[in-house]
Amino acid sequence: MPSRPMIGYSHVSKNFGALKAVDDVSLDIAEGEFLAIVGGSGSGKTTLLRLANRLIEADGGTITVEGEDVQTVDPVALRRRIGYVFQSGGLFPHLSVADNIGITPRLLGAPAADITARVDELLELVQLDRRAHRDRLPEALSGGQRQRVGVARALAARPRIVLMDEPFGALDPLTRDALGEDFRELHRKLGLTTVMITHDMTEAILLADRIAVMRGGQLLAQGTPAELSTSGDAYVLELLRTPRRQVERLNALLPQSGAA
Amino acid sequence: MSLFADPRWGEALSHLPDYLGNHVRVSLAALALGLAISLPLAILTRNRPAPRAVLLALASIVQTVPGLALLALFYPLLLLAASVTLAWFGISFSAFGFLPAMLALALYSMLPVLRNGITGLNGIDPALIEAAKGVGMTARQSLIMVELPLALPVMMAGIRTAAVWVIGTATLSTPIGQTSLGNYIFAGLQTQNWVFVLFGCFASALLALAVDQLLGLIESGLRQRSRLPAALGGIGIAALVLATLVPTMGRSSQSYVVGAKTFAEQYVLSALLRDRLQAAGLSATARSGLGSSVIFEALKAGDIDLYVDYSGTLWANQLHRTDIKPRAELLAELKTALAKDHITLLGELGFENAYALVMPKKRAEALGIRSIADLAAHAPTLSIAGDYEFFSRPEWAALQKSYGLSFRAQRQMQPDFMYAAVASGEVDVIAGYTSDGLIAKYDLLVLDDPRHAIPPYDAILLLAPKRAGDERLKTALLPLLGKVDIATMREANLRAAGNDANSSPDAVAKWLWEKVGKR
Ligand SMILES: Nc1ncnc2c1ncn2[C@@H]1O[C@H](COP(=O)(O)OP(=O)(O)OP(=O)(O)O)[C@@H](O)[C@H]1O
Ligand SMILES: [Mg+2]
């Protein structure tokens, strides 16, 4: 890799008691890259992501963000400059949509007028109606709208890096597809570096530049879908084959397109 | 006649600014102190299970102590603390009234605040605390912007519970010298003034409801992030505090405070003393319903200026004497002993409130009984009743020893019922109290005690150390000394036991003065 990575993991480990949640992982994410992390439940995906903005501390190895060792950076400042979309949404139920979105700029001491303008801009960006949604509480939103607010909040302080933990999980397939495409577009437009965790191999292949596969805390393989398909690992190949197998089964079950 | 035509409602109402004001002040101060201690503790221990468990256990133990006992405990505790600070730093403080009441009530308020605070803070979804961290909040910001607002409903429920408990329990602070709405209840129960009892109960219930509603208003304001209800609630509570300050501002702190214990005779006498001081142009207030262990210490410490006690009581409880002396000797010795504490024994009022053996006059005449010595011969065929403690008191042992008394049967009875029981012949003799009004009502005879087995219980007037040289005070009180004979006091007590407008301590005190003033 020629240029310095935006995020670099080097021999990173994290244990919870005897459990090796992340086990000697080395992974570089380049500027502007869209990386998907896939793997089974409990394989260490979330743990790997939380290490990057020091929501938890590594037991071994080094992590760099924009070239700096995260251990030398104030964790609060670090988190304010990295956007994070939480697995369960993580919206504050007592704050309005606007206050949720504007939280990080507010913590950074931005003037109120700037925050208001920024919130409106973001609502537009994630395609939420400004007047209808601005002052609602999260409980008055649909699941998809909440996910959009979560994305908007992560982008509010104009981060260069966005970490997303299953941002489009628990959505109906149509919404999920649309949201994914929308975000891919935002990623490109804003020049973000994005790391997205997903269970769904199809989503990973469709959205990401590169895919990292986790299993049992270890990084099994990383690369573009094409690179992965040459991997010798049976589990990786099995994962890659899943979308195509599903398509074949669907084709067999559904009448060909056009027929009604 | 309508219930509300009773003039005692008016009398009750006239005390309201004073009682309610003090009640609000002590309750809200206790609540504020309780919150100032409990909320930080709840916040500090929210992530520390071990200290949290200890704290909750301690608060629960405090809660199991009955309110009255907790309040009573703080008085000697503070007395001790005051004597320690006096010895070490040369400063002392009053262990009477406001301070012990506030501290005990504050302690009492802690459990619901702690428990709900901890529950509320621990009940927050950990994912939200992680999200707070993730968007870049410091621990402090997370607490203020996320955790406290989310825990607010549960915390406020605890605060509201505490407020209601404290306001209710504050009615029990009367015996340790804190004026409160409990003054109505204690006085009402002792003088059978049900108007006062009802008034006190309603007033404290209404106050508790009002404060609860105001807190609810603040809570909903905070929750909906709208300033108006929160501000209204805050203004309401502030107004409550201010309103209670106004009537007491004008009151001179130079006022003489007359103490009274918790029975009707004491209420009447304190009203009488207060009236005499006021008649002499001195400003005076009565502080009634004080516990009998509190009142002497309060006099010694100067928290009250004067009160009426009984020689035999002080002889046993303060001098810890078990021997019995003739009354003049006992009084002289008591006077000397009290003088060591700089307390002035101004003199006797003229009557005794002692234990005495009592039987119907007619029956006594028929049997030819005039004294306990006469009774001894008939005792084996007679039955006796006494209150719950009499038969274990030294007086009873002394009576048996001096006169060789041995009754056919002995029973324990509620004091109120004894007199009727002996009048109706249900028992033959009772151990009554010499100044009780029912002695006159049922035409009973108090048997002489020629061998002085029962110590004298002369009603005596005591002055606080700081009033030792106060000649105006003494001059105002001198007309009472020796004037209140036993028959008059009995009649006064009988009046006070009635349940009508003329039976209030103030009314009876006026009647009493009309009787004895001209003497
Ligand atoms: N705070 C923690 N304490 C103890 N064990 C933990 C903790 N956080 C995660 N683990 C464990 O570490 C392992 C990896 O967890 P992680 O959340 O990283 O999995 P994941 O790949 O994100 O799974 P999922 O797809 O279900 O979200 C799991 O076995 C999990 O139980
Ligand atoms: Mg996960």
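Computed from a predicted model, the values in this text were never measured in an experiment.

Colleague: Please explain the overall build of chain A as it appears in this structure.
Modeller: A tally of helices and strands in chain A yields eleven helices and ten strands. Whereas a compact globule of 260 residues would reach a radius of gyration of roughly 18 Å, chain A reaches 19 Å, a difference of no more than 12%. Each principal axis of the C-alpha distribution contributes one length, and for chain A these read about 60 × 55 × 35 Å. Scored against the burial criterion, the 260 residues of chain A give a buried share of 50%. A fraction of 66% describes how many contacts in chain A between residues 6 or more apart in sequence connect residues 24 or more apart. Approximately 12100 Å² of chain A is accessible, and the part contributed by carbon and sulfur atoms is 51%.

Colleague: Please clarify how the interface of chain B and chain A should be interpreted in this entry.
Modeller: Where the parts come together, the accessible area they lose is often given as the size of the interface. Facing the 17 residues of chain B at the interface are 20 residues of chain A. Both faces combined, the contact of chain B with chain A buries some 1700 Å², and carbon together with sulfur accounts for 64% of it. Put simply, chain B and chain A have one salt bridge between them. A salt bridge links A:Arg50 to B:Glu130, with the shortest nitrogen-to-oxygen separation between them at 2.7 Å.

Colleague: Looking at this structure, I do not really get the pairing of strand E7 (residues 409–412) of chain B. What am I missing?
Modeller: In regular strands, side chains alternate between the two faces of the sheet. All names here are of chain B. Sheet topology places strand E6 (residues 383–386) next to E7; four bridges connect them, and they run parallel. Bridged to Gly 386 within E7 is Gln 412. A crossover links E6 with its parallel partner E7, the connecting element being helix H16 (residues 394–403), and its sense is right-handed.

Colleague: Is there a simple way to explain the domain arrangement of chain A in this structure?
Modeller: Residues and elements named next belong to chain A. Annotation of chain A at the domain level lists domain 1 (30–58 + 75–81 + 160–260) and domain 2 (91–159). Placing a centre on the C-alpha atoms of domain 1 and another on those of domain 2 gives a separation of 25 Å. The partner domain 2 presents 16 residues to the 17 residues of domain 1 that form the contact. For the pair domain 1 and domain 2, the summed buried area comes to about 1300 Å², and 68% of that belongs to carbon and sulfur atoms. For domain 1, the biggest contributors to the area lost against domain 2 are Arg 80, Leu 179 and Leu 186; these three give 41% of the whole. Taken together, domain 1 and domain 2 are joined by one salt bridge. Where Asp 182 meets Arg 148, a salt bridge forms, and the shortest distance between an N and an O atom there is 3.5 Å. At the surface where domain 1 touches domain 2, the tally comes to three residue pairs in polar contact (both at pLDDT 80 or more).

Colleague: Whenever I open this one, the site of ligand 1 confuses me. Can you help?
Modeller: Residue and element names in this part refer to chain A. Close to ligand 1 lie 14 residues, the nearest being Ser 41, Gly 42, Lys 45, Thr 46 and Thr 47. Between ligand 1 and Thr 46 there is a distance of 2.6 Å, counted from an oxygen atom to a side-chain nitrogen or oxygen. Separating an oxygen atom of ligand 1 from a side-chain N or O atom of Gln 87 is a distance of 3.0 Å. Bound to the protein, ligand 1 loses 63% of the 630 Å² it would expose on its own. Elements that contribute at least two residues to the shell around ligand 1 include exactly strand E2 (19–29) and helix H1 (45–52). Broken down by element, the residue count for the shell around ligand 1 peaks at three residues, all from H1. Residue composition of the shell around ligand 1, by class: three nonpolar, nine polar and two charged.

Colleague: In this structure, what is going on with the coordination of the magnesium ion (ligand 2)? I would like to understand it.
Modeller: Tetrahedral coordination by four donors puts the ideal angle at the metal at 109.5 degrees, and octahedral coordination by six puts it at 90 or 180 degrees. Looking at the magnesium ion (ligand 2), one finds its protein donor set to be A:Thr46 (OG1) and A:Gln87 (OE1), positioned 1.9 to 2.7 Å from the metal centre. Of the two residues, A:Thr46 is situated in helix H1 and A:Gln87 in the loop between strand E6 (82–85) and helix H3 (97–101); the sequence distance between them amounts to 41 residues.

About the thresholds
- Residues numbered from 1 in each chain as written.
- Chains lettered and ligands numbered in written order.
- Predicted model: local features only at pLDDT ≥ 70, side-chain atom pairs only at ≥ 80, totals over all residues.
- Heavy atoms only, no water.
- Helix = DSSP H or I, 4+ residues; strand = E, 2+ residues; numbered from the N terminus.
- Rg over C-alpha atoms; globule rule 2.2 N^0.38 Å.
- Buried < 20%, exposed > 50% of the residue type's maximum accessible area, 1.4 Å probe, protein only.
- Contact = heavy atoms within 4.5 Å.
- Areas by Shrake-Rupley, 256 points an atom, 1.4 Å probe, with all protein chains shown as cover.
- Buried area = accessible area lost by both parts, 1.4 Å probe.
- Salt bridge = Lys/Arg side-chain N within 4 Å of Asp/Glu carboxyl O.
- Pairing = 2+ DSSP bridges.
- Right-handed = clockwise from strand over helix to strand, strands pointing away.
- Domains from an automatic or database assignment.
- Polar contact = N/O pair within 3.5 Å; in protein donor to acceptor, adjacent residues only side chain to side chain.
- Near = heavy atom within 4 Å.
- Nonpolar A, V, L, I, M, F, W, Y, C, P; charged D, E, K, R; others polar.
- Donors = N, O, S within 2.8 Å, 3.2 Å for Na, K, Ca; no water.

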